[in-house]
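If you want the building blocks of each chain, they are given just below.
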Amino acid sequence: MDIAQLLPKPFFVLAPMDDVTDTVFRRIVASNAAPDLFFTEFVNVDGLQSPGRPRILPKLEFTSTEKPIIAQLWGKNPENYYKSAKDIVQMGFAGVDINMGCPAKPIIKNGCCSALINNRPLAMEIIKATQAGVEDAIKEQGKGKKTPHHFPVSVKTRLGFSSKDLSWHEDLLKQKLSMLTIHGRTTAEMSKVPADWEAIGEIAKMRTSLSAETLIVGNGDVISRQHGLELAEKYGLDGIMIGRGIFHDPFIFSKDSKWEEYTKEQKLAMYTKHVKLFANTWPDGQRNIHMLNKFCKVYIEGFPGAKELREKLMDADSTDKLLALLEG
Ligand SMILES: Cc1cc2nc3c(=O)[nH]c(=O)nc-3n(C[C@H](O)[C@H](O)[C@H](O)COP(=O)(O)O)c2cc1C
């Protein structure tokens, strides 16, 4: 059964954020208020299928509390998408997503992610290779089993490259994706202008005639669960993805967020829990300690002395030093 079809309507998704939404942070979010669906950070298929694979595998770690979870892939080589899609099925993920939205200059210079908006033949080849990898892995797994199994293949993208271009979404919808996530900005706009939800709504309307079964997820500047519910209703969307909103409210997926009332002691306790989980999960430096600084800004905020404490914490270069400061 396709996990995407089992989700509530509208469903909420924690956005993939590189060097932010690793298994550690996803577990913190799950223990505060879980979204309906998680994504991994983006994982490079060309690296995954190279001798550098062990360095990439930490990005694909997850636990049972972070379920259902979709693995997000990026890269250039269709053959590596095929092999990586097979890996993703075997690793127990609920689906595989292809990043066709990242606007980072070095990445698009290399023809990857949102540069694929301008290279439709390669984009379509990548989708087909991923779908074929999934199909073959399921066939291999399901030998002798009667129940057909559907494993979702989805794409996350933007409104266009230099300008809004709905012919791109038309091409994507023809690929019968199980889900299409649209960040309501073009590549050229980076994050500089407000997300265009009217355009996301236009794509949701196109879906009805082109691929009724594809779920449409809107993304960009959502600041609360209520805000997301209103946008989903107004624009006829199946799901809402939230990224940076989690930095303003770690309980953003809750129907009744407690963050406003959180005391200094509760905030310190949450950061302590996060640092301990980080230390236990990555004991051999698999992830850079400076990843934690983003969270320091989230938790160590809004109480007297927060700025001074934050400065000391952000200078610490080990989890032991962080914990000594937090518990001292
Ligand atoms: C630090 C950071 C890292 C990101 N990494 C990814 C990524 O790995 N894959 C991806 O599809 N989008 C990535 N994004 C984009 C987000 O998933 C999301 O589309 C964007 O932040 C807009 O949503 P928001 O306004 O809710 O944050 C990243 C964004 C940020 C801020």
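Everything numeric in this text was worked out from a predicted model, so none of it was measured.

Draft legend 1. Expanded view of the sheet that holds strand E8 (residues 239-242). If you trace the 8 strands from one edge of the open sheet to the other, you get E1-E8-E7-E6-E5-E4-E3-E2, paired in parallel fashion. The sheet is open, and its two borders are formed by strand E1 (11-14) and strand E2 (38-44), each paired with just one other strand. Between one strand and the next, the sheet's axes are offset by a mean angle of 25 degrees, whatever the strand orientation. Summarising the sheet, strand E7 (residues 215-219) and E8 pair through 3 bridges and their orientation is parallel. Its bridge partner lying in E8, Asn219 is registered against Met241. Relative to strand E4 (residues 95-100), helix H7 (residues 120-141) is tilted by about 165 degrees, and along the sheet it contacts E4 and strand E5 (153-157).

Draft legend 2. Fine view of the site of the ligand. Looking at the ligand, there are 21 residues lining it, with Ala15, Met17, Phe42, Gly243 and Arg244 nearest. Tallied by class, the residues present in the shell around the ligand amount to 8 nonpolar, 8 polar and 5 charged.

Draft legend 3. Focus on helix H13 (residues 292-299). Within the span of H13, buried status applies to Leu292, Phe295, Cys296 and Tyr299. Projected down its long axis, H13 shows its buried positions confined to an angular sector of 110 degrees, all on one face. In the core, the buried residues of H13 are packed alongside helix H12 (264-281), helix H14 (306-315) and helix H15 (319-327).

Draft legend 4. Molecular detail of the domain arrangement of the protein chain. What the domain assignment lists for the protein chain is domain 1 (3-257) and domain 2 (262-327). A C-alpha centroid distance of 29 Å is found between domain 1 and domain 2. Facing 10 residues of domain 1, the contacting portion of domain 2 comprises 9 residues. Here the side of domain 1 that touches domain 2 gets 4 residues from one element, more than from any other, and that element is helix H2 (residues 23-33). Of the residues that constitute the side of domain 1 that touches domain 2, the class distribution is 6 nonpolar, 1 polar and 3 charged.

Draft legend 5. Region of interest: the packing of helix H5 (residues 78-90) against H7. Where H5 meets H7, the axes come as close as 7 Å, and the angle between the chain directions of the two elements is 35 degrees. Between H5 and H7 lies a crossing of right-handed hand. Contacts from Pro78, Glu79, Tyr81, Tyr82, Lys83, Ala85, Lys86, Val89 and Gln90 of H5 reach H7 at Glu125, Ile126, Ala129, Thr130, Ala132, Gly133, Val134, Asp136, Ala137, Ile138 and Gln141. A per-class count over the contact of H5 with H7 returns 11 nonpolar, 4 polar and 5 charged.

Rules and cut-offs
- Residues numbered from 1 in each chain as written.
- Predicted model: local features only at pLDDT ≥ 70, side-chain atom pairs only at ≥ 80, totals over all residues.
- Pairing = 2+ DSSP bridges.
- Helix = DSSP H or I, 4+ residues; strand = E, 2+ residues; numbered from the N terminus.
- Axes fitted to C-alpha atoms, helices over the stretch in contact; angles between N-to-C directions.
- Contact = placed C-beta atoms within 7 Å.
- Near = placed C-beta within 6 Å.
- Nonpolar A, V, L, I, M, F, W, Y, C, P; charged D, E, K, R; others polar.
- Buried ≥ 20, exposed ≤ 12 C-beta atoms within 10 Å, placed from the backbone.
- Arc of directions from axis to C-beta.
- Domains from an automatic or database assignment.
- Left-handed = near helix turned anticlockwise from the far one by under 90°.

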